[in-house]
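Analysis of the macromolecular model
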Amino acid sequence: MTAQPSTTDLLGAALGVREAARHAVRGKGDADAVLTALSALIDHDHAALSRWDPLLRRHVTLAGSYPAGTTRYIETRLHDDPAFALIRHAPGTTSWWHDVPAPVRGASTGIQEVLEPLGVQDGVAQCLFSTDGRYVGILNLSTTRARCDEPAVRAVLTLLGECLAAVADPLAGHRSQGPGGSGHTCAVLLPDADGAGEAAPVPLSGEPLPGLTEAGSPLVALLRRTAARRTLPATVLVPYRQRMLELHLTRQGDRTVVVCRTVARPAALSPRELEVLAELTQGRTNREIADRLYVSPRTVATHIEHILAKLDVPNRVAAAGRAVAWGLEPAP
């Protein structure tokens, strides 16, 4: 009979999982390393860490060792399984094989047709939620041995939920980088354009700002241009409807994650001065800026005088250089 791990062993294993998760979030490791670290906590025969994709409305496997058919089930059919509905909405987010009531087990295609034929006798399905309450994915571990859920293992695995969720969360590790204080924050998933046209961004978190989820809006067009011409991740500042927006763009497969927040206007510049300064980054003349902003060239010249004074720079080239360093982009 295999000796039960000591509390010290379990805590050491948990620290290993947490460290592997941190490396994965920071891009210094991957989800495979997380599953390897989890094997020291639960000696599993099969495992999968999957991310919920709100655009495709399905799970996407980040790392796993289940057979191909089981992986397809987790990705494309698990979210419709009655056992999944039970564990996602149960108090707490961790459910073990023998916790599932008999009627649900009998109705679960995943248990009857996918797991039992593999000889699975125990295991865990842990729904993963971000700190702001979003469902971001699921951890599945299965064993061919019964009762792998000693009380200490249950407790430790539950405590690891937050760091495991960070590995699956497309927003984890995204940090604001602009010069102003933080305000309203939201995030969207921006699909790449395809032959059928440009799909609308999908909300990920927070209440999207006007124009941020409309396929043909000027703001979304600006996001697509920025994603196409900049090396990502990138952060840009955009004057938009009397607000200053900080947009942080990061690639995730074939789409772009955009974290948007309102920030304080840098250097006490007014909304109009920021619009003029953003135009300077494009090398435009006063007449060109006036035409784009529907003001007179004299008004543009006055704004530039104020900009130079507030930034304490000698000329418009230096002002434009400061704005480029901020990532300032012309308003859409």
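Attention in this report is confined to the structure presented alongside it. Since the structure is predicted, the reported quantities are computational estimates derived from the model, not experimental observations.

Basis of the calculations
Residues numbered from 1 in each chain as written. Predicted model: local features only at pLDDT ≥ 70, side-chain atom pairs only at ≥ 80, totals over all residues. Heavy atoms only, no water. Helix = DSSP H or I, 4+ residues; strand = E, 2+ residues; numbered from the N terminus. Polar contact = N/O pair within 3.5 Å; in protein donor to acceptor, adjacent residues only side chain to side chain. Contact = heavy atoms within 4.5 Å. Phe/Tyr/Trp six-rings, centres within 6.5 Å; stacked < 30°, edge-to-face > 60°. Buried < 20%, exposed > 50% of the residue type's maximum accessible area, 1.4 Å probe, protein only. Lys NZ or Arg CZ within 6 Å of the ring centre and 35° of its normal. Pairing = 2+ DSSP bridges. Axes fitted to C-alpha atoms, helices over the stretch in contact; angles between N-to-C directions.

Note on placement: Arg255 falls in strand 10 (residues 255-263). Here Asp254 takes part through its side chain, which lies 2.7 Å from a polar atom of the side chain of Arg255. Here Arg255 is in contact with Asp53, Leu55, Leu56, Leu189, Leu190, Pro191, Asp192 and Thr250, once residues within four sequence places are set aside.

Aromatic ring pairs are reported here in terms of the distance separating the ring centres and the angle at which the planes meet. A complete count under the given rule lists three aromatic pairs for this structure. With a centroid separation of 6.2 Å and an interplanar angle of 55°, the aromatic rings of Trp52 and Tyr135 are classed as tilted. Separated by 83 residues along the polypeptide, Trp52 in strand 1 (residues 46-53) and Tyr135 in strand 5 (residues 135-143) bring together distant segments of the chain. Residue classification places Tyr135 among the buried residues on the basis of a relative accessible area of 9%. Through successive ring pairs, a cluster of aromatic residues spans Trp52, Phe84, Phe129 and Tyr135. For Arg105, the ring lying beneath its charged end belongs to Trp97, and the centroid distance is 4.8 Å.

Attention shifts here to the sheet that holds strand 4 (residues 122-129). Strand order in this open sheet of five strands is 2-1-5-4-3, and the pairing throughout is antiparallel. Both edges of this open sheet fall to strand 2 (58-64) and strand 3 (94-96), since each of them pairs with a single strand only. Pairwise comparison of adjacent strand axes, ignoring direction, gives a mean angle of 20° for this sheet. With eight bridges joining them, strand 4 and strand 5 adopt antiparallel strand pairing. Considered in strand 5, the bridge of Cys127 is made with Ile138. Contacts from helix 2 (residues 31-38) reach strand 1, strand 2 and strand 5, with the element oriented near 70° to strand 2. Helix-sheet contacts for helix 7 (residues 151-159) involve strand 3, strand 4 and strand 5, and the interaxial angle to strand 3 is about 145°.

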